[in-house]
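Below, each chain spelled out in residue letters.
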Amino acid sequence: MSFIPGQPVTAVVQRIEILKLRDGDNLILGFSIGGGIDQDPSQNPFSEDKADKGIYVTRVSEGGPAEVAGLRVGDKIMQVNGWDMTMVTHDQARKRLTKKKEDVVRLLISRKSLEEVVRQSMMQR
């Protein structure tokens, strides 16, 4: 998904619901993130557009809640529990994901393979 100023943005998204694991006072999601508007986008290995300051999944723990829910390395997080994640700092994203009062995290993610499937199906018409 690339962004062209002045043009509408289209994204193919998928909903993923992650049930956090409790470990004492800690809630475990089983994944790590990178990116944010305060980070250097040229260091993001998952972005086609090196100006993209989105939040991306950088690691998924094997057998953890995120993997069980279907999250993958390289997924771009568009929303967390209804909150827009397209223009947030890395710390803001981390805080949204790790709220102690929420046992479930509902993500809206964009994945390159999803976009490719839609693109191919549209070309076959």
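Cut-offs applied
Residues numbered from 1 in each chain as written. Predicted model: local features only at pLDDT ≥ 70, side-chain atom pairs only at ≥ 80, totals over all residues. Heavy atoms only, no water. Helix = DSSP H or I, 4+ residues; strand = E, 2+ residues; numbered from the N terminus. Buried < 20%, exposed > 50% of the residue type's maximum accessible area, 1.4 Å probe, protein only. Polar contact = N/O pair within 3.5 Å; in protein donor to acceptor, adjacent residues only side chain to side chain. Contact = heavy atoms within 4.5 Å. Salt bridge = Lys/Arg side-chain N within 4 Å of Asp/Glu carboxyl O.

A. Structural view of the side chain of Asp52. Relative to the assigned elements, Asp52 resides in the loop between β4 (31-35) and β5 (55-60). With relative accessibility at 13%, the residue Asp52 sits in the buried group. In this structure the side chain of Asp52 is engaged in a polar contact, spanning 3.2 Å, whose partner is the side chain of Lys76. Look past the residues within four positions of Asp52 in its chain and what remains in contact with it is Pro41, Asn44, Ser47 and Lys76.

B. How the structure looks around the pattern of salt bridges. Enumeration over the complete set of coordinates arrives at six salt bridges. Ionic pairing is found between Arg106 and Glu17, a salt bridge with its closest N-O pair at 3.1 Å. Taken together, the residues Arg106 in strand β8 (residues 104-110) and Glu17 in strand β1 (residues 13-19) connect sequence positions 89 residues apart. Relative accessible area serves as the criterion here: at 46%, Arg106 is assigned to the partly exposed category. Overlapping salt bridges, with partners in common, bring together Asp91, Arg94 and Lys95 in one network.

C. Local environment of the environment of Gly74. Assignment of secondary structure puts Gly74 in the loop between α1 (65-69) and β6 (76-80). Along the sequence, Gly74 and Val60 sit 14 residues apart, while their C-alpha atoms lie 9.8 Å from each other. The residues touching Gly74, leaving out its near neighbours within four places in the chain, are Phe46, Tyr56 and Val57.

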